[in-house]
Structures are given as structure tokens and as C-alpha cells.
Amino acid sequence: MAKSRETKTTAKIDKRVEIPRIVTVQQLANLLGVGGVEVVKQLMENGVVAGLNQAIDYDTAAIVAGDLGFEPAEKPELESILPQAESESDEDQQLRPPIVTVMGHIDHGKTRLLDAIRQANVMDTEAGSITQHIGAYQAEVNGRKITFLDTPGHEAFTAMRARGARVTDIAVLVVAADDGVMPQTKEAIAHAKAAGIPIVVALNKMDKPDINLDRVKQQLAENNLLIEEWGGDTICVPVSAKMQKGIPDLLENILIVAELQDLKANPKAPASGVVVEAQLDKTKGPMATALVQNGTLEPGSVIVVGDTWGKIKAMFNDAGKRVKKAEPATPVKILGLGKVPQAGDRFTVVNNDKVAKAWAQKQQEQRQVLSQKPTRALSLDNLFADTPEGQPKELNIVLKTDVQGSIEPIRDSLERLQNDEVKVRIIHSGSGGITEGDVLLALASKAVIMGFQAQPTVGAQRMAEQEGVDIRKYNIIYDLLDDVERAMKGMREPVYAEVIEGHAEIRAIFSSSKFKKAAGVYVTDGKLRRDALVRLMRKGQVIYDGRMSSLKRFKDDVKEVTTGFECGVGIEGYTQYEEGDIIEAYRMERVDEQAH
């Protein structure tokens, strides 16, 4: 039995296998032609605990398939029947409005600033029209548009990002001039920076007496936001939302930042985008605020949204006015979906009801399967496993401490641990308990949370367990630093040394029914091992480098042949043997890089 199993393992190496986006462990085992227990074992070695009937995603399945000698490829799903843009040439790409999210500390004037922008600049408002909240709206400045997302705060912004909905181009950070940088301000900065989007500071409440602007600017600098007049690249605009002063200047600066980003989309493509918010209207049924990211959305279009679909009966802007089209970066409220979608769901226009129904059904099945999917924890031990080989690795950390004074020494010590191969990135630090916002940020940024004498709230602990986010708690700084250092050693690219195992001389060449050509060799020193790495040398020159695919003594498959014996050898992908060629067998052995 062992013999046939070994032959089967050798035969499957380098075979291509198509794996669905979502697959159960048992289905994967069937695809690979191996036992379910073997797949479970490979999953455990990669930090995933799953039963035979549990589902795993393609990325996880591909790692297992690769470990078992297969070349994985994602099986084409229904995307192939979804419409694609006919052309993505430069001619079709047009400048689009920037999409802006406003964030800041509570009571610093975020809502009032949004209201001031809305009253002064919102498009399509008419005397007597009733403004309705649709979660997003557009303002116009000198004939150019800006789209504002009215989210409840930075946590909602990050929750959408954690679900894969990247919608924001620019963050406007509202900071009260009389209050300065507060805890939620720091969190907002961390969330925006983690998303990799530029920040424009709106220095609000300039109408207040006794404000100290230099103090506020110094606080911003301490949080890595160096404003332009201090030699940095962060735009800072003084405003008064209450007095409606500085608003045009703020909007102009948003457009300047947008110009640098060169934001473009293709209005001719089939419309696609993301749901900003959704609710059930008692009289109209499911309603969703859709933000078009590409293409042009029109009434009558058949769309798929997450795991539901429908034909758009009507579209409204934030003034409650019906609109006939929505171009890229335009928000509209749409009517006609089968059920209420989730915020963050992507939508796509499809050709007809049949395609929409099939795609929505597929999404429903995937969501049902994913609900049983085991979580691959974002832990300190396996964070590096998903980084493609050869790319620089980053250890993202959310750091929370009991007191503010502990942050700097821990941050400095952590940053000193980094090297050329692994970067330590503190994406957010603060004092106080670990909150749900910290967990969301860690989830969206693939980070670990480190608490130094700081405990998670009940809600944060529950969310971390559900989402598989690693919360590490420490009472001693050295324990924290030791854990990070150990993780970084694992994250660094391993160093391997070549170990020569043996040599053999080719003395005969013959054909067989199983292999086109094989070589009869005599082992001159060391040993030959099946599956060993080998190089073929001719007159002192390396002709081929590969892996031994077969090793036989007489007609039997064997695991190894030692000095002084003859055997038959096959090398993967090579058949042009010549008598007198030398086969050198070797292995790559990992070098232990412990400090001496």
C-alpha cells in the first residue's frame, strides 16, 4: 500500500488543479485525489482548524494544493457571464469627482461642517424641496463636483474597508481649534492613514475666542500630520462651520488634492460600485444608497447587489429628485431590489434577469458556506504567511496602553526591532481599553492588537473572537518585545544552504513504457534519494537543474540508493542524457540564524 501511495504522490506533482472560490475541505480532498485527513493535516500546519464539511476560501485551498504538489488555479465562476467594459483605453477614462469622508472627534463640528457644505453647495436643491438623508451627496465648486460620504464616523468607514469596500479618496479631518487633537481625532488619523488616503485638516471653530493655533498644529505634528506651513505636505484650512466661513477654501483645497491623485473612471463601462447604506422603506420596499464607481447607472438596469438583485425602478438624489443617470462617483438612492442589501456590498449591472438570478443565487450559496468557514486568525504567529515570497514584509500593530506615558518607550523599542526584511508599523497607538474600533482597524489592516496593561471591552473581545483578530495582553514590556522579535524571525525570508548528498555517473540510457527515457547510473559517492534536487553536469558544466522523478533498483521503486550500487534514474522535464554525464544530488537546508 505504501508503495502505491508513493507512486501516486510522485505522479501528481506539478499537476494543475482548478479550485472554486469557496470549497469545503472534503470537496478539496476529492479534487486533489487525497484523503480528507491529509487536507485537514495540511490546514492545521497552516494555522487553520477545519472539519471535512467546513468551507475554506480559494487562497487557503491554494496553499494546501501547493503544499501537496499541485499547481492551483482559481476556477472561473459566473464572472465570465457578467458584462465587461468593451474598452479600457485612455480615451474611455475620464476624470471623476473625488469621494470624501469627513471624520473627527465628537463635538468638533463634523456634522455642522457637513451641513454648512450642504446648505451652501449641494447640487440640485430647489426652493421648497425636502432634503432627505441618503448617506452621500455631491457639492459643486466652480463647475466641479465633490462627493461626500456622510458616515457615522471612522469606525463605519473602516468597517466598510474591512469588508473590501474601498470607496474613499480623501479624508477631511475636523479638528476644533479650541480643543485640539483628542483621542477620537487620533483614531481617525490612524484609520485614514491605514487606508492609505491623503488627509486634509479642517481647523474648525475659528470663531471661538482664545484659540492657540500653534498648539493644535504641534499636536497634529506629534501625530505625524505635518502641515504645509511647517514644511510638511498636509493641507490645513481654517474654517468656521457655525459662521459658514472658509468653506469655499476647504472645497478648493480638496480639489487640489484630488488633482494630484488623477482620479479617473470609465463612464461607458457597465455600471458597478458599492452600497453605502440601505434600509427597508415601509411604503416603497428595499432602498439602497448606491455609489457608482465605474460606468453609468440608469433606471431600468438589471443589477446584482451582494446576494440580491432587481431592476431599477427609480433613482433619487439627496434632494429627493428623480434622476435619469448616475455617472462615476455619483451617489443615488435606488428602488427595485428584491431585499435589503448590506452596507459595503458591491453592485454590478448585468445583461438580464436570468444572469442576475444565477449570480445572486451563487452569492447566497457562498455566504451560507462562508458562515461555516473557519477563521484563519490574524495572529502574531501567521501574519507573514499570506505575504507573497520576495515582497517586503510588514508587521502591523495596534498598540494600546494603560497610560499615555507608556506609548513612546514601547513604540521606540518596537521600531528599533525592524530590519531591511521586516518593517514594524504601528498603525495606531493610544491609552485606555481596547475597543471595537481597534478591532475593526486591526481587521481591515491585517494587524495584531497589543495591549500593555490594557484590557479589551466585552464587545471588542467578542468581535475579535468572531473575526479572528489576535489580541495579545502584556504586563511586562520585555515580554511584548520578545514576542515581536520572535515573530519577526519567522517573518524574515529563511536562509538556505546547499548540502551535497551524492554523485552518480550515467553509464547507460534506455527507454521504458512509463518514462520516455531513463538513465542507468552508478552511485560514486554519497547517496541518491528519490525527490531529491539534482543537477546534470556534462564536462564540468551544469546542463540542467531539476528534481529526481523516479528511482528504481531493477523493477522496484526505491527511496534511496547508496554508494557502489547501480540504479535507474528519471529527472523531471529532462530526457537528453549522455553516457558519462554526472548527476549531483543535493538538498537545501534551512540555516538557523540565531544570534551568536
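Residues numbered from 1 in each chain as written. Predicted model: local features only at pLDDT ≥ 70, side-chain atom pairs only at ≥ 80, totals over all residues. Heavy atoms only, no water.

Examining the confidence of the model for the protein chain
On average, residues of the protein chain score 80 in pLDDT, and 84% of them reach the 70 mark or higher. Note that residues 78-82 has pLDDT below 50 and, in this model, 11 contacts with residues that lie over four places away or in other chains. This stretch, residues 123-132, has a pLDDT under 50; its non-local contacts, to residues over four places away or in other chains, come to 18 contacts. (pLDDT = per-residue confidence, 0-100. Contact = heavy atoms within 4.5 Å.)

What about the pairing of strand 9 (residues 170-176)?
Burial analysis of strand 9 places 7 of its 7 residues in the buried class, which makes it a mostly covered element. Of the two faces of strand 9, the one lined by I170, V172, V174 and A176 and the one lined by A171, L173 and V175 are each fully buried. As paired elements, strand 9 and strand 10 (residues 199-204) share 6 bridges and run parallel to each other. Of the residues in strand 10, the one forming a bridge with A171 is I199. A crossover links strand 9 with its parallel partner strand 10, the connecting element being helix 7 (residues 183-195), and its sense is right-handed. (Buried < 20%, exposed > 50% of the residue type's maximum accessible area, 1.4 Å probe, protein only. Helix = DSSP H or I, 4+ residues; strand = E, 2+ residues; numbered from the N terminus. Pairing = 2+ DSSP bridges. Right-handed = clockwise from strand over helix to strand, strands pointing away.)

Description of the pattern of salt bridges
Applying the stated criterion across every chain, the model contains 20 salt bridges. Close ionic contact of K527 with E560 constitutes a salt bridge, the shortest N to O distance being 3.5 Å. Here the residue K527 occupies a position in strand 24 (residues 518-529), and E560 occupies one in strand 28 (residues 560-562), the gap between them amounting to 33 residues. Between K552 and D557 there is a salt bridge, with the nearest N and O atoms lying 3.1 Å from each other. One salt-bridge network, in which partners are shared between bridges, spans E498, R535, D545 and E584. (Salt bridge = Lys/Arg side-chain N within 4 Å of Asp/Glu carboxyl O.)

Quick look at the layout of surface pockets
The rolling of a water-molecule-sized probe over the atoms marks out the regions of remaining empty space. Taken as a whole, the second largest pocket encloses approximately 520 Å³ of empty space. As for the second largest pocket, its lining consists of 22 residues, of which E222, N223, N224, R411 and S429 are closest to the centre. Tallying contributions element by element places strand 20 (residues 422-431) first for the lining of the second largest pocket, with 7 residues. Of the residues assigned to the lining of the second largest pocket, the class counts are 8 nonpolar, 7 polar and 7 charged. (1 Å grid on protein atoms, 1.4 Å probe; cavity = no way out; pocket = protein on both sides within 12 Å on 5 of 7 lines; lining within 4 Å. Points joined across faces, edges and corners; volume = space filled by probe spheres on them. Nonpolar A, V, L, I, M, F, W, Y, C, P; charged D, E, K, R; others polar.)

Observations regarding the pairing of strand 24
In this sheet, strand 29 (residues 566-571) lies alongside strand 24 in antiparallel orientation, the contact comprising 4 bridges. Each residue of the ladder has a partner; that of G520, found in strand 29, is G568. Note: strand 24 against strand 28, 3 bridges, orientation antiparallel. Bridge pairing links L528 to V561 in strand 28.

Quick word on the sheet that holds strand 7 (residues 136-141)
If you walk across this open sheet you meet the 6 strands as 7-8-6-9-10-11, and the pairing is mixed. Each having just a single partner strand, strand 7 and strand 11 (235-238) make up the two edges of the open sheet. Sheet twist, expressed as the mean angle between neighbouring strand axes with direction ignored, is 30 degrees. Taken together, the 4 bridges between strand 10 and strand 11 define a ladder with parallel strand orientation. Each bridged residue has a counterpart across the sheet, and for V201 the counterpart in strand 11 is C236. Sheet strands in contact with helix 9 (residues 247-261) are strand 6 (99-104), strand 7, strand 8 (144-149), strand 9, strand 10 and strand 11, and its direction is about 95 degrees off that of strand 8. (Axes fitted to C-alpha atoms, helices over the stretch in contact; angles between N-to-C directions.)

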